[in-house]
Amino acid sequence: MDVDATAENRPPSPDDDHAFFGQPKGLLTLSGLEVWERFSFLGMQAILVLYFADTVAHGGLGMSAGTAASVSAAYGTLVYLVSVAGGWLADRILGSYRAVLWGGILIACGHYSMAVPTAATTWTGLGLISAGTGLLKPNAATMVGKLYATDDDRRDAGFALYYMAINIGAFAGPLITGWLGDHQGWHWGFSAAAIGMTLGLAQYVLGRRHLAGRGHAAEFALAPEAMRGAVRLIIAGIAATALIATALAAAGPLTMDRFVDLLTLVSVVAPVVYFTVMFMSPRVTPGERGRLRPYIVLFLASTVFNFILFQAYSTMMLLAASNAETTILGFDFPASWYASALGAFEVGLAPVVAALWVRMGRGQPHASNKIAIGVVLGGLSFLLMALPTSGHASGDYLMSAWWIVGSYLLLGLGDILLETSGMSATTKLAPAAFSSQTMSLWFLSLALANGIQAQTVKLYDDVSQQAYFGVNGAVAIAAGLAVMAAAPWLRRTMHPVH
């Protein structure tokens, strides 16, 4: 037995268990990583759709509003599709710690590539960030789950604090990248994102001793020969895909619209295939299989909510840039700063929600009800925008900034309720043999949300703003009410998950 490897996999010291606001100290390390990862990711995403839609003369790519939103959503689809591979690589080859580490390195390299002001380096950077985020996101969340026993009542509160850290980055990122993009140029904003991810990597490595499952070995590692074959196959597959895609794009058959449509198709097929594999796997016990059935409902609820949430960085950002005032109390700000309002609300509300769950203990609402309320709030955030966008004969109008701020308040509270409960429930419902990959399945709901968004946002240029926001909001509210109606069945089939 490898003594060093065994020591690395040993749980953190018992002194760590309540060292961070009553939570394990490893939560501080993982939260610190997420602060900087979200700073870089959402800081970049807050200006990405504006960069796509800006004129070439002003440093942008000159896309129409609908196309810019669709391409931005397709990028989000790719990010979360890759998370499936990230979960598998962690379970079978890398281990969670190294998967997160290499993911962060790829993300940083991607942002540095985007800092170079050419279209080619932009697309290269987005590819690297997609690959890196697919490695980092599902496995970082899985490592948070490993800090707690399954019946630990602190788990939901811990995920709420983790999500608060995520939103500190979500708040700060657009402030810095948005100001730089507006005053210095888009690629200066991308440079700030690169520096942020580098800082996140540094603190992750320095705090690794507090993490559970930080050993180099994967928990369900392939046999050595199979592992070498898998690595060779992965490298060959990536190289072949890149060559074929480049050749098709150069020859003409692979256009941007077709690539977006392909990603949407994959985002629909992938979760169907993945659920099927997990249900049929002999390594999944009957009890675990029974808990996967209610998980499908949570998966669909997440898809509906995140379809709304991700538009905070696409259609809502375009609406803010064209039809919202950028002055509050006499202070002028870039339109991209609206994205920081979402992060600010989540930073402020997350500890309140965490404290409420701790105070309520076993009396807190069931996870399915928290998720359902989150979906309804997401729908209300869009339904609210149907009011200021109505009654305008043309697009030449300006609404008060407070409309968008109010919409982001509803969306932020909904996000805290749904994402923290969803991620926490995922770590509890996950079959043991698919632990990291089940978290990847949760992120596939985000891929599906983006895939659907990539198609629907194309209508943004063709229908009235009132109809666009009103219909999408109403659909989300109906979905949330349907989950509430299914609550008795969900409570029964999700047992012992509360």
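Just so it is clear, the model here is predicted, and its values are computed rather than measured. (Residues numbered from 1 in each chain as written. Predicted model: local features only at pLDDT ≥ 70, side-chain atom pairs only at ≥ 80, totals over all residues. Heavy atoms only, no water.)

> Just checking my understanding: could you explain the overall build of the chain for this structure?
Looking only at helices and strands, one finds 17 helices and two strands in the chain. Sequence separation of 24 or more characterises 83% of the internal contacts of the chain that already satisfy a separation of 6 or more. Of the roughly 19600 Å² of accessible surface on the chain, a fraction of 70% belongs to carbon and sulfur atoms. (Helix = DSSP H or I, 4+ residues; strand = E, 2+ residues; numbered from the N terminus. Contact = heavy atoms within 4.5 Å. Areas by Shrake-Rupley, 256 points an atom, 1.4 Å probe, with all protein chains shown as cover.)

> Whenever I open this one, the side chain of D415 confuses me. Can you help?
Locating D415 in the fold gives a position in helix α14 (residues 401-429). Buried charge without a salt bridge: D415, with R38 as the nearest opposite-charge side chain at an N-O distance of 8.5 Å. If we skip the residues at most four places from it in the chain, D415 touches Y163, F305, L309, E346 and T420. (Buried < 20%, exposed > 50% of the residue type's maximum accessible area, 1.4 Å probe, protein only. Lys, Arg positive; Asp, Glu negative; His and termini not counted. Salt bridge = Lys/Arg side-chain N within 4 Å of Asp/Glu carboxyl O.)

> I'm lost on the pattern of salt bridges in this one. Help?
Once the charged atoms of two side chains with opposite charge are near each other, the side chains can pair. For the structure shown, the criterion picks out three salt bridges. Salt-bridge contacts for R38 lead to E37; the nearest nitrogen and oxygen are separated by 2.6 Å. Side by side, R38 and E37 carry an identical accessibility label, which is buried. D261 is paired through a salt bridge with K458; the nearest N and O atoms lie 3.1 Å apart. Of the two residues, D261 sits in helix α9 (residues 256-280) while K458 sits in the loop between α15 (435-456) and α16 (465-485), which places them 197 residues apart along the sequence.

> Looking at this structure, I do not really get the packing of aromatic side chains. What am I missing?
How two aromatic rings sit relative to each other is set out by the distance from centre to centre and by the angle between their planes. Enumeration according to the criterion identifies 14 aromatic pairs in this entry. Between F41 and Y75, the aromatic rings sit 6.1 Å apart at their centres with planes inclined by 25 degrees, giving stacked as the arrangement. Here Y75 lies in helix α3 (residues 65-94) and F41 lies in helix α2 (residues 26-53), a separation of 34 residues in the sequence. Taken as a pair, F41 and Y75 share a single burial class, namely buried. Centroid distance Y97 to Y204: 5.0 Å. Interplanar angle 20 degrees. Geometry classified as stacked. You can see Y97 sitting in helix α4 (residues 96-114) and its partner Y204 sitting in helix α7 (residues 186-206), a full 107 residues away along the chain. Both residues of the pair, Y97 and Y204, count as buried. Here the aromatic cluster, defined as three or more aromatic residues joined through ring pairs, consists of Y51, F52, W123 and F190. (Phe/Tyr/Trp six-rings, centres within 6.5 Å; stacked < 30°, edge-to-face > 60°.)

> What am I meant to see in the packing of α2 against α4 here?
Relative placement of two packed helices is described by the angle separating their axes and the distance separating the axes. Relative to each other, α2 and α4 sit at 35 degrees, their axes nearing to 12 Å. Every pair of crossing elements has a handedness; the one defined by α2 and α4 is left-handed. Contacts between α2 and α4 pair L33, E37, S40, F41, M44 and L48 from the former with V100, I107, H111 and M114 from the latter. By residue class, the composition of the contact of α2 with α4 is seven nonpolar, two polar and one charged. (Axes fitted to C-alpha atoms, helices over the stretch in contact; angles between N-to-C directions. Left-handed = near helix turned anticlockwise from the far one by under 90°. Nonpolar A, V, L, I, M, F, W, Y, C, P; charged D, E, K, R; others polar.)

> How should I be thinking about the nonpolar core in this particular structure?
A general trend in soluble globular proteins is that nonpolar side chains are found buried together. Core analysis: the biggest nonpolar cluster contains 126 residues, and M44, Y162, Y204, Y338, I404 and Y408 have the highest contact counts within it. If one sorts the elements of this core by residue count, α2 sits on top with 13 residues. Contact partners of M44, with chain neighbours within four places excluded, come to F39, Y75, H111, M114, L126, I129, T177, F190 and A193. Counting seven residues, the second-largest nonpolar core is a separate cluster that includes A90, A99, L135 and A230. (Core = buried A, V, L, I, M, F, W, Y, C linked by side-chain atoms within 4.5 Å.)

> I keep staring at the environment of F305 and nothing clicks. Help me out?
Along the polypeptide, F305 turns up in helix α10 (residues 286-309). Its relative accessible area of 0% is what places F305 among the buried residues. In this structure, the C-alpha to C-alpha distance between F305 and E419, residues 114 residues apart in sequence, is 9.5 Å. For F305, the contacting residues outside a window of four places in its chain are G374, V375, G378, L411, G414, D415, L418 and E419.

> Would you mind going over the side chain of H187 with me for this structure?
As for its position among the elements, H187 is in helix α7. Looking at H187, its side chain comes within polar contact range of the main-chain oxygen of M114, at 2.7 Å. Excluding residues that lie within four positions of it along the chain, H187 makes contacts with Y51, M114, A115, V116, P117, T118 and T122. (Polar contact = N/O pair within 3.5 Å; in protein donor to acceptor, adjacent residues only side chain to side chain.)

> In this structure, what is going on with the packing of α3 against helix α5 (residues 119-145)? I would like to understand it.
For the pair α3 and α5, interaxial distance at closest approach is 6 Å and the crossing angle is 50 degrees. Compared by their axis directions, α3 and α5 come out oblique. As α3 runs across α5, the sense of the crossing is right-handed. The residues of α5 that touch α3, namely those facing V71, Y75, L78, V79, V82, S83, G86, G87, L89, A90 and L94, are W123, L126, I129, S130, A131, T133, G134, L135, P138 and N139. A class-by-class count of the residues in the contact of α3 with α5 yields 14 nonpolar, seven polar and no charged. (Parallel < 35°, antiparallel > 145°, perpendicular 65-115°, else oblique.)

> Where do I start with helix α11 (residues 315-323) in this structure?
Along an α-helix, residues three or four positions apart point the same way, because every turn accommodates 3.6 residues. Counted residue by residue, α11 has seven buried out of nine residues, so it is predominantly covered. Within α11, burial applies to T315, M316, M317, L318, L319, A320 and N323.

> I would appreciate a short explanation of a nonpolar patch on the surface in the present structure.
A cluster of nonpolar side chains, namely W123, M256, F259, L262, L265, V266, V268, V269, V273 and V277, defines an oily patch on the protein surface of about 800 Å² accessible area. The leading source of residues in the nonpolar patch is α9, at nine residues. Structurally, W123 can be placed in helix α5. (Patch = residues over 30% accessible without salt bridge, like charges linked within 9 Å, V, L, I, M, F, W, Y side chains within 5 Å.)

> I would appreciate a short explanation of the confidence of the model for the chain in the present structure.
Should pLDDT be low for a region, the predicted coordinates there are not to be read in detail. Scored by pLDDT, the chain has a mean of 82; 90% of the residues are at 70 or more. Per-element averaging of pLDDT across the chain places helix α1 (residues 3-9) at the bottom with 44 and α16 at the top with 92. Segment residues 1-9 is flagged for pLDDT under 50; beyond a separation of four residues in sequence, or across chains, it makes six contacts in the model. (pLDDT = per-residue confidence, 0-100.)

> It is not clear to me how helix α13 (residues 367-385) should be interpreted in this structure. Could you clarify?
The end-to-end C-alpha separation of α13 is 28 Å, in line with the 27 Å expected for 19 residues at 1.5 Å each. Taken across its 19 residues, α13 has 14 buried, putting it largely inside the fold. (Expected span 1.5 Å × (residues − 1).)

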